[in-house]
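Spelled out from the first residue to the last, the chains are:
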There are 4 protein chains.
Amino acid sequence: MGKYDHLKDTCYKANMKLPELGLVLYTFGNVSAGDQENGVFAIKPSGVPYEELRVQDMVVLDFDNNIIEGEMRPSSDTKTHALLYKNWKGISGISHTHSTYAVAWAQAQKAIPIMGTTHADHLAIDIPCTPVMSDDKIKGNYEHETANQILNHFESNQLNYQEVEMVLISNHGPFTWGNSPDKAVYNSAVLEELAEMAYLSLQINPDAPHLKKALIQKHYERKHGKDAYYGQK
Amino acid sequence: MGKYDHLKDTCYKANMKLPELGLVLYTFGNVSAGDQENGVFAIKPSGVPYEELRVQDMVVLDFDNNIIEGEMRPSSDTKTHALLYKNWKGISGISHTHSTYAVAWAQAQKAIPIMGTTHADHLAIDIPCTPVMSDDKIKGNYEHETANQILNHFESNQLNYQEVEMVLISNHGPFTWGNSPDKAVYNSAVLEELAEMAYLSLQINPDAPHLKKALIQKHYERKHGKDAYYGQK
Amino acid sequence: MGKYDHLKDTCYKANMKLPELGLVLYTFGNVSAGDQENGVFAIKPSGVPYEELRVQDMVVLDFDNNIIEGEMRPSSDTKTHALLYKNWKGISGISHTHSTYAVAWAQAQKAIPIMGTTHADHLAIDIPCTPVMSDDKIKGNYEHETANQILNHFESNQLNYQEVEMVLISNHGPFTWGNSPDKAVYNSAVLEELAEMAYLSLQINPDAPHLKKALIQKHYERKHGKDAYYGQK
Amino acid sequence: MGKYDHLKDTCYKANMKLPELGLVLYTFGNVSAGDQENGVFAIKPSGVPYEELRVQDMVVLDFDNNIIEGEMRPSSDTKTHALLYKNWKGISGISHTHSTYAVAWAQAQKAIPIMGTTHADHLAIDIPCTPVMSDDKIKGNYEHETANQILNHFESNQLNYQEVEMVLISNHGPFTWGNSPDKAVYNSAVLEELAEMAYLSLQINPDAPHLKKALIQKHYERKHGKDAYYGQK
């Protein structure tokens, strides 16, 4: 019994939801489970197909990317996860996919406009899309810089990572997070659905407006506000 | 054995068809089963995933939103259901989903044009889309006002709720109903299909006309008119 | 044992392929199995969901729409099937669906252009789309006239029903046929795929040309010509 | 026990992945397994549905299209496979499908632009699309000339078949290859996904740029370069 068996198990189960939800093809995508108290996270090993994945294959690292437990190479996106955990103490799960519609918006280099209450049930603004990374950063510590892109974009736009749990990396794809790996995966699936809905709405009506402020507030607050009445107590 | 066990059972089974038909993601959507004689309806509890749903979780309320049976919080859209049952004595089931193409049209703030016989087999006009709600109503008794939006839109456009069993709420999504919860769910699935077909037709030919009157009448009447010859006697 | 048990069985099995192939929703669609020697055909009963369908429910009629065997009402499209069998002695199966992309083209009132070899492997011209029916025919013997639309369109355009086994009825949807009910269903599935491919190609490149004559001939002949070398001998 | 039982088995299993991955309808598509040492390859028989396919049905031929083992007619595309194996000594598997989005691009006669890192993870340039074949070649040794189209396109554009393992044949569809039949099938699935993503991106933003050079290099190199760190050692 290792110290982080539970973390690995949670991480494994959350990863296995990605193919179930149709969010990944082959080895694309990765989910991590964070333990803020111990300053570590478990993550999927790199390039292993989901159907061959085992709980014991999960790799445990600290937030400076040192391997604590595990024999395999961690996901190539590990440094992005590490830096997000290090900076955002309120998150315990991160999910990264190459889901089709979310990637399409990222490749189009566009934020996903908030157009309906499905979106407002989850966040109150457009789903942000980071600017394209500069060449020197790409050639430098790339995956580390990917996290910096997210952190800087959130800071310069005064976004709250606990209210906005998703982002598109320009030309790459989505990262989502939350207070558990399951919530991060949930956000990946919701983001993909919002991406498809917004796509279709703008094909139907290129002049369709953003959702009005009162509706945004109403839907966001009824699910997330202090007087929220969505779900069970 | 409770008085409304049968109603709960019907309600539960109709709700479980939504994920089967691919019309919902996670906890999105809700179906209710109405009992007009006793002035009550059973509805899905709020925010419970379909795979965890149990018959006994269904909540029974009267048409003024008083809970008659059940321990859980009812769906956040309960007041919309209640007011529709109260006003439309001929319905015994209501279904609400966030299905992708129907939501896309709602977000585009456009009625779905009647373009073919698949549509005319079910209703003889465009699928109506309510106007956007005013801010004071959104900030007021929102879910109650959502039903009022529907009722007012049907009244001011002289629509018959027994001939037009579906509507889009601008920026939100579809509500459908019928003489049973199963019929309401059936209408949700049909609406989603009509929404996709109309979308594709207009992408292929932006100038494609509405279905001509004679074809609308023929198809609607052969299924719903007094000399209907579709289906078994 | 009835005289047409085998015909009913073939008809039943071909109908059950429609939901398997994702070509129908609920009771939409119908397949018939023709017996040209005896001048009869078996067809799906009207409005019966596929999951409840039984072999013995199939209705057998002659080509003048007289019921020969069966207790149930035949499909509302029966007269269309009957007249096609009566006129086209070389066919033994007809399939009618409301599959999404085929209906979208029918609603757009456009023939599906031949744009690739997948199309040319099956037919050498655009998939024809009949003109819209006149009001007096719609109000007359509608389903009978639907067959006349097809027959007239094929005659006036000198199309060979054994080379072109599919057609779109404007604002309605596709009919396909062949030397067996299975071949008719096969053609329904192929038509849906061709409809989607042509749709996407024109979205990518609105100026994409028709397939050139030499490629049409090559692909059509290698599968259907006298020196065909596709498939087993 | 035949000399090429293992080759047939590998070939059979790779073919069976095509329907599993949703890349083929009916008998469309074919995969071959090459044995460069013995100068032979096993390929799917022509026109046999996947659900009826058996290991022993695979046909073994040499690179000049002489049948070495097998009773059935090989795939009608056999000569295309043969000539590719003969010229490209580094490949041991070829896959050909009529997958929807890849065919749509081929019918649009357009290369698939490299727009994101999902694409760059697999190849560093646009997915090439061959020019339309001349009439005399179509009427000549067509399937042999299809391979020549690919070989010539790669040569005249100085493409490396070990770096670019996929191509679109104008108006036809995709061919993919690799160091094993499984890798070839993997490339078919990846190509279909890239084709859909690029399609959607350009629908969202017709002016979306190609992926910048630094990002292409970074993603391609981290997976395929000499210092690759994607996957397990």
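So, how was this worked out
- Residues numbered from 1 in each chain as written.
- Chains lettered and ligands numbered in written order.
- Predicted model: local features only at pLDDT ≥ 70, side-chain atom pairs only at ≥ 80, totals over all residues.
- Heavy atoms only, no water.
- Helix = DSSP H or I, 4+ residues; strand = E, 2+ residues; numbered from the N terminus.
- Rg over C-alpha atoms; globule rule 2.2 N^0.38 Å.
- Buried < 20%, exposed > 50% of the residue type's maximum accessible area, 1.4 Å probe, protein only.
- Contact = heavy atoms within 4.5 Å.
- Phe/Tyr/Trp six-rings, centres within 6.5 Å; stacked < 30°, edge-to-face > 60°.
- Pairing = 2+ DSSP bridges.
- Axes fitted to C-alpha atoms, helices over the stretch in contact; angles between N-to-C directions.
- Least-squares fit on C-alpha atoms with pLDDT ≥ 70 in both.
- Lys, Arg positive; Asp, Glu negative; His and termini not counted.
- Salt bridge = Lys/Arg side-chain N within 4 Å of Asp/Glu carboxyl O.
- Buried area = accessible area lost by both parts, 1.4 Å probe.
- pLDDT = per-residue confidence, 0-100.
- Polar contact = N/O pair within 3.5 Å; in protein donor to acceptor, adjacent residues only side chain to side chain.
- Left-handed = near helix turned anticlockwise from the far one by under 90°.
- Nonpolar A, V, L, I, M, F, W, Y, C, P; charged D, E, K, R; others polar.

Overview of the overall build of chain A
Looking only at helices and strands, chain A has eight helices and seven strands in total. For a compact globule of 233 residues, the expected C-alpha radius of gyration is about 17 Å, and chain A comes in at 18 Å, within 12% of that figure. Considered along the principal axes of its C-alpha atoms, chain A spans approximately 55 × 50 × 35 Å. Every one of the 233 residues in chain A was classed for burial, and the buried ones make up 63%. Considering only contacts in chain A between residues 6 or more positions apart, those separated by 24 or more positions represent 63%.

What about the packing of aromatic side chains?
Inspection of every chain in the model, using the stated rule, returns 36 aromatic pairs over all chains. Look at Phe154(A) and Trp177(A): their rings are 5.6 Å apart centre to centre, the planes differ by 65 degrees, and that puts the pair in the edge-to-face class. With Phe154(A) in helix α6 (residues 142-156) and Trp177(A) in strand β7 (residues 173-178), the pair connects residues that are 23 residues apart, well separated along the chain. Per residue, the accessibility class of Phe154(A) equals that of Trp177(A), and both read buried. For the pair Phe41(C) and Tyr85(C), a centre-to-centre distance of 5.2 Å together with 35 degrees between the ring planes defines the contact as tilted. Taken as a pair, Phe41(C) in strand β2 (residues 40-43) and Tyr85(C) in helix α2 (residues 78-87) lie far apart in primary sequence, 44 residues in all. Take Phe41(C) and Tyr85(C): they sit in the same class, and that class is buried.

What about the sheet that holds strand β7 (residues 173-178) of chain C?
Residue and element names in this part refer to chain C. Strands sit in the order β4-β3-β2-β1-β5-β7-β6 across an open sheet of seven strands; the sheet is antiparallel. Two strands bound the open sheet, and with one partner strand each, they are β4 (67-69) and β6 (166-169). Neighbour-to-neighbour, the strand axes of the sheet open up by a mean angle of 25 degrees, direction not taken into account. Taken together, the four bridges between strand β5 (residues 93-96) and β7 define a ladder with antiparallel strand orientation. Paired with Ser95 across the strands is Thr176, a residue of β7. Of the strands in this sheet, β1 (30-35), β2, β3 (59-62), β4 and β5 are in contact with helix α1 (residues 5-20), which crosses β1 at around 150 degrees.

Quick look at the relation of the copies chain D and chain C
Rotating chain D by 90 degrees about the axis while translating it 0.0 Å along that axis superimposes it on chain C, leaving an RMSD of 0.0 Å. Considering both components of the superposition, the chain copies are consistent with a four-fold axis. In terms of proximity to the rotation axis, the leading residue of chain D is Gln203(D), whose C-alpha is 5.7 Å off the axis. Of the interface residues in chain D, just 6% have counterparts in chain C that sit at the interface too, so the contact is made through distinct surfaces.

Regarding the environment of Gln109(D)
Counting through the fold element by element, Gln109(D) comes out in the loop between α3 (100-107) and α4 (117-120). Look at Gln109(D) and you get partly exposed, because its relative accessible area is 31%. When the C-alpha positions of Gln109(D) and Tyr161(D) are compared, they lie 21 Å apart, and in sequence the two are 52 residues distant. If sequence neighbours within four positions are ignored, Gln109(D) has contacts with Pro209(C), Cys129(D), Val132(D), Ser170(D) and Asn171(D).

Side note on the side chain of Glu145(D)
Residue and element names in this part refer to chain D. One can find Glu145 in helix α6 (residues 142-156). Although Glu145 is buried, it forms no salt bridge, and the closest oppositely charged side chain is Lys137 at an N-O distance of 4.6 Å. Those residues in contact with Glu145, other than ones at most four positions away along the chain, are Met133 and Lys137.

Quick notes on the arrangement of the chains
At their nearest point, the C-alpha atoms of chain A and chain C are still 11 Å apart, with no contact between the two. What separates chain B from chain D at the closest point of their C-alpha atoms is a distance of 11 Å, and the two make no contact.

Observations concerning unusual backbone geometry
Keep in mind that most residues, glycine aside, have a negative phi and that most peptide bonds are trans. The backbone of Tyr26(B) shows a phi angle near 50 degrees, a positive value even though the residue is not glycine. Counting through the fold element by element, Tyr26(B) comes out in the loop between α1 (5-20) and β1 (30-35). For Asn65(C), which is not glycine, the phi dihedral falls at a positive 75 degrees. In this fold, Asn65(C) is placed in the loop between β3 and β4.

Structural notes on the sheet that holds strand β5 (residues 93-96) of chain B
Two pairing modes exist for strands in a sheet, parallel and antiparallel, and in both the strands are linked by backbone hydrogen bonds. Residues and elements named next belong to chain B. Taken together, the seven strands give an open sheet; going across it, the order is β4-β3-β2-β1-β5-β7-β6, and neighbouring strands pair in antiparallel fashion. A strand with exactly one partner marks an edge of an open sheet, and here the two such strands are β4 (67-69) and β6 (166-169). Direction aside, neighbouring strands of the sheet carry axes that sit 25 degrees apart on average. In the packing of helix α6 (residues 142-156) onto the sheet, the strands contacted are β6 and β7 (173-178), and the crossing angle to β6 comes to about 125 degrees.

Examining the pairing of β6(B)
Residues and elements named next belong to chain B. Judged by which residues are buried, β6 turns out to be covered on both faces: Met166 and Leu168 on one side and Val167 and Ile169 on the other are all buried. Here β6 pairs with β7 via four bridges, running antiparallel. Following the sheet pairing, Leu168 is matched in β7 by Pro174. Hairpin geometry of β6 and β7 is characterised by an intervening segment of three residues between the two adjacent antiparallel strands and by a positive phi of about 65 degrees at Asn171.

Observations regarding the interface of chain A and chain D
Counting residues at the interface gives 35 residues for chain A, matched by 36 residues for chain D. Note on chain A versus chain D: buried area summed over both sides is about 3200 Å², and carbon and sulfur give 56% of it. Per-residue buried area on chain A facing chain D is highest for Tyr26(A), Arg73(A) and Gln107(A); these three make up 22% of the total on that side. Summed over the shared surface of chain A and chain D, the number is three salt bridges.

Here we look at the confidence of the model for chain A
When pLDDT is averaged along chain A, the result is 97, and 100% of the positions lie at 70 or above. Complex prediction metrics read pTM 0.97 and ipTM 0.96.

Description of the interface of chain D and chain C
Every contact between the two is made by 35 residues of chain D and, on the other side, 36 residues of chain C. Interface of chain D and chain C: buried area, both sides summed, is about 3200 Å²; carbon and sulfur atoms make up 56% of it. On the chain D side of the interface with chain C, the three residues burying the most area are Tyr26(D), Arg73(D) and Gln107(D), jointly 22% of the side's total. Run the count over chain D and chain C and you get three salt bridges. For Glu143(D), the salt bridge goes to Arg222(C), with nearest N and O atoms at 2.6 Å. For the pair chain D and chain C, the interface holds 22 residue pairs in polar contact (both at pLDDT 80 or more).

Digging into the packing of helix α3 (residues 100-107) of chain C against helix α7 (residues 181-204) of chain C
The packing of two helices is summarised by the inter-axis angle and the distance between the axes. Residues and elements named next belong to chain C. The interhelical angle for the contact between α3 and α7, taken along N-to-C directions, is 60 degrees, at an axis separation of 7 Å. Helix-helix and strand crossings are classified by hand; for α3 and α7 the assignment is left-handed. Counting all contacts with α3, which are made through Thr100, Tyr101, Ala102 and Trp105, the residues of α7 involved are Leu191, Glu192, Ala195, Glu196, Ala198, Tyr199 and Leu202. A breakdown of the residues in the contact of α3 with α7 according to their chemical character gives eight nonpolar, one polar and two charged.

A word on the pairing of β1(B)
Across a regular strand the side chains alternate sides, sitting on one face of the sheet and then on the other. Residues and elements named next belong to chain B. Of all six residues that make up β1, six are buried, and the element is covered over most of its length. With burial as the criterion, each face of β1 is covered, one bearing Asn30, Ser32 and Gly34 and the other bearing Val31, Ala33 and Asp35. Across four bridges, the pairing between β1 and β5 is antiparallel. Paired with Ser32 across the two strands is Ile94, which belongs to β5. The pairing of β1 with strand β2 (residues 40-43) spans four bridges and is classified as antiparallel. From the neighbouring strand, Ser32 faces β2, where its bridge partner is Ile43.

Quick look at the pattern of salt bridges
Residue and element names in this part refer to chain B. Enumeration according to the criterion identifies 40 salt bridges over all chains in this entry. Residue Lys13 is joined to Asp9 by a salt bridge in which the shortest nitrogen-to-oxygen separation is 2.9 Å. You can see Lys13 and its partner Asp9 sitting in helix α1, four residues apart, about one turn around the helix. The class for Asp9 is partly exposed, based on a relative accessible area of 24%.

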